[in-house]
Amino acid sequence: MAGPPGRNKRAREIKSISRKEKKVAIISLGCPKNLVDSERFLAALISSGVKFTSSYVGADALLINTCCFIDDAKEESLDVILQAARLKATGELGSLIVVGCLGKRFGESLKREIPEIDLVMGLLKSELVPEIKQFLHNHKKKGSARPYARKIAASAGFLPEVPRLRLTPRHFAYLRIAEGCSNRCSYCIIPELRGELTSKPLEHILAEAEELASDGAREICLVGEDITSYGRDISENLTLARLLRELVKIPEVHWLRLLYTHPAHWTDALIRTVAEEDKVCKYVDLPIQHINDRILKAMGRKVSAGDIRSLMHSLRSRISGLYLRTSIIVGFPGETEVEFQELLEFVSEVGFERLGAFTYSKEEGTEAARMSGQIPEKIKGERLHRLMELQKEIAAAKNRQMIGKELEVLVDGLAEAGSGLYEARFYGDAPEVDGLVILSGDNLQIGNFYRARVTGFQEYDLCAEVVGAIK
Ligand code: SF4
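Residues numbered from 1 in each chain as written. Predicted model: local features only at pLDDT ≥ 70, side-chain atom pairs only at ≥ 80, totals over all residues.

### Considerations on the overall build of the protein
Next, step 1: Regarding its fold elements, the protein presents twelve helices and 20 strands.
Next, step 2: Looking at the protein residue by residue over its 471 residues, the buried ones come to 48%.
Next, step 3: Contacts spanning at least 24 positions in sequence make up 74% of the contacts within the protein whose residues lie at least 6 apart. (Helix = DSSP H or I, 4+ residues; strand = E, 2+ residues; numbered from the N terminus. Buried ≥ 20, exposed ≤ 12 C-beta atoms within 10 Å, placed from the backbone. Contact = placed C-beta atoms within 7 Å.)

Shown next, in the form of structure tokens:
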């Protein structure tokens, strides 16, 4: 499920050092799925002998791994490209290479609009390493490379066990279990960009998870466009539930987290697995997008409002302590005020612990873009605001109920300099997307688990004090 890929707004700079050879830097934008692409690509590039720099100012080449799932993500990518183009224009940067969704989708026009771009490529796959090396070589030899664009085919499947250079803190990692999506929601461009569902073989995932665990990952977040479809393209016996039952056997892994599930593909076995397995976080990321039947049908979501309600009921009643995250699109073509009200009422009734909302973004080439009844931006913006105001109240009420409770928390790092506090998360907080636990305690170790008592909250974050260590 491509929930909100742009929700991780922070660009990451991929770091390594070089003194003598040409220096290359990378900026990775968008969601954790894009980040995994960057990590794999980076490892492949390094092992092919290319060197990196942590600073793109002064780099010989900068690769920008873009995202263009929705308008906001596109804008963020364009902003970063334009900043890099300015650096290039002033001679502070060598070549500018754009890769990822935006590159794949708008390659030729991007180069026309931003002439500082030297090379545009598609999704950042390890298969692109030779081409980028060739580009760098030509650039070196001739002083300036002839710019060219190349389109690559949508997912060609997984390379067997391509290593990755992780950009997340050592104690948590994203693990991509499938690539592409066969759901074809009417508003979504992802299947065009990433192709049909291609699941990674079970043994490859287990090997990668073991490697991540031995590299220090205590929390592993499973990602893919729709992880609940995992395995169906390989065998009817290969399911997410089965994968989870295997992953929990890895001793070092303490938390397994499910990101991007689809309401149409939850099974009884999966609910049972999440409920029974201690290591699987009682946290479910379940984008519903809407609740009105007419809109769900127009979106091609393959579920009715009744199906969603009954799934919510099963999840809540069978998984104790469940934290539910959803994402919602407001202002889908034809959405009436009455239909939007229905959505608000549903959100209020369910009380999602976490909720991300987006205004509908008209993506060229999708079925929804051709639909009549496109909603003016102003109305979409107002609806988004009303929904988020409601969610703010729900989140505050949920956080208030947490005061006095004891939680197991994982320390991510130090909070603001000089505050003496730490940033941590409990199972209800996915990294980089949800709130935090602002933690007080002495000499806490980053990447370790502690027991903490909740003392208060600030908007979406909890405040807590350590009451003991967890081995
Ligand atoms: S087609 Fe639907 S399920 Fe697939 S990535 Fe897009 S929104 Fe998610």
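There's plenty left to go through after this.
### Notes on the nonpolar core
Next, step 1: Formed by 115 residues in total, the largest nonpolar core has its most connected members in L62, L175 and L222.
Next, step 2: Here this core takes six residues from helix α1 (residues 32-47), the largest share from any one element.
Next, step 3: Taken domain by domain, this core gets at least three of its residues from each of domain 1 (5-149) and domain 2 (172-402).
Next, step 4: Of all hydrophobic cores here, the second largest spans 18 residues; its members include F426, L436, Y450 and A452. (Core = buried A, V, L, I, M, F, W, Y, C linked by C-beta atoms within 7 Å. Domains from an automatic or database assignment.)

### Some details on the packing of helix α7 (residues 240-247) against helix α8 (residues 268-276)
Next, step 1: For the pair α7 and α8, the least separation of the axes is 8 Å and the interaxial angle reads 25 degrees. Relative to α8, the element α7 is oriented roughly parallel. Of the two possible hands of crossing, α7 and α8 adopt the one that is left-handed. Facing α7, whose interface residues are L240, A241, L244 and R245, α8 presents A269, L270 and T273. (Axes fitted to C-alpha atoms, helices over the stretch in contact; angles between N-to-C directions. Parallel < 35°, antiparallel > 145°, perpendicular 65-115°, else oblique. Left-handed = near helix turned anticlockwise from the far one by under 90°.)

### Overview of the confidence of the model for the protein
Next, step 1: For the protein, the average pLDDT comes to 86, and 89% of its residues sit at 70 or higher.
Next, step 2: Low pLDDT (under 50) marks residues 13-20, which in the prediction has 18 contacts with non-local residues, meaning those over four places away or in another chain. (pLDDT = per-residue confidence, 0-100.)

### Quick look at the sheet that holds strand β17 (residues 421-425)
Next, step 1: One closed barrel accounts for five strands, arranged β16-β17-β18-β20-β19; its pairing is mixed. Here the strands of the sheet are splayed against their neighbours by 55 degrees on average, with no regard to which way each runs.
Next, step 2: Pairing between strand β18 (residues 437-440) and strand β20 (residues 461-469): four bridges, direction parallel. Within the sheet, the bridge partner assigned to L439 lies in β20 and is A464. (Pairing = 2+ DSSP bridges.)

### Side note on the pairing of strand β15 (residues 354-359)
Next, step 1: In terms of strand pairing, strand β14 (residues 323-330) meets β15 through six bridges, oriented parallel. Within β15, the position partnered with I328 by the bridge is A357.
Next, step 2: Considered for its hand, the β-α-β crossover made up of β14, helix α11 (residues 337-350) and β15 is right-handed. (Right-handed = clockwise from strand over helix to strand, strands pointing away.)

### Re unusual backbone geometry
Next, step 1: Here R184, not a glycine, exhibits a phi torsion of approximately 55 degrees, which is positive.
Next, step 2: Take R184: it is sitting in the loop between β9 (178-179) and α5 (190-194).
Next, step 3: Phi is positive for N443, close to 50 degrees, though the residue is something other than glycine.
Next, step 4: Mapped onto the fold, N443 is located in the loop between β18 and β19 (449-458).
Next, step 5: On the neighbour-count criterion, N443 (4 C-beta atoms within 10 Å) is exposed.

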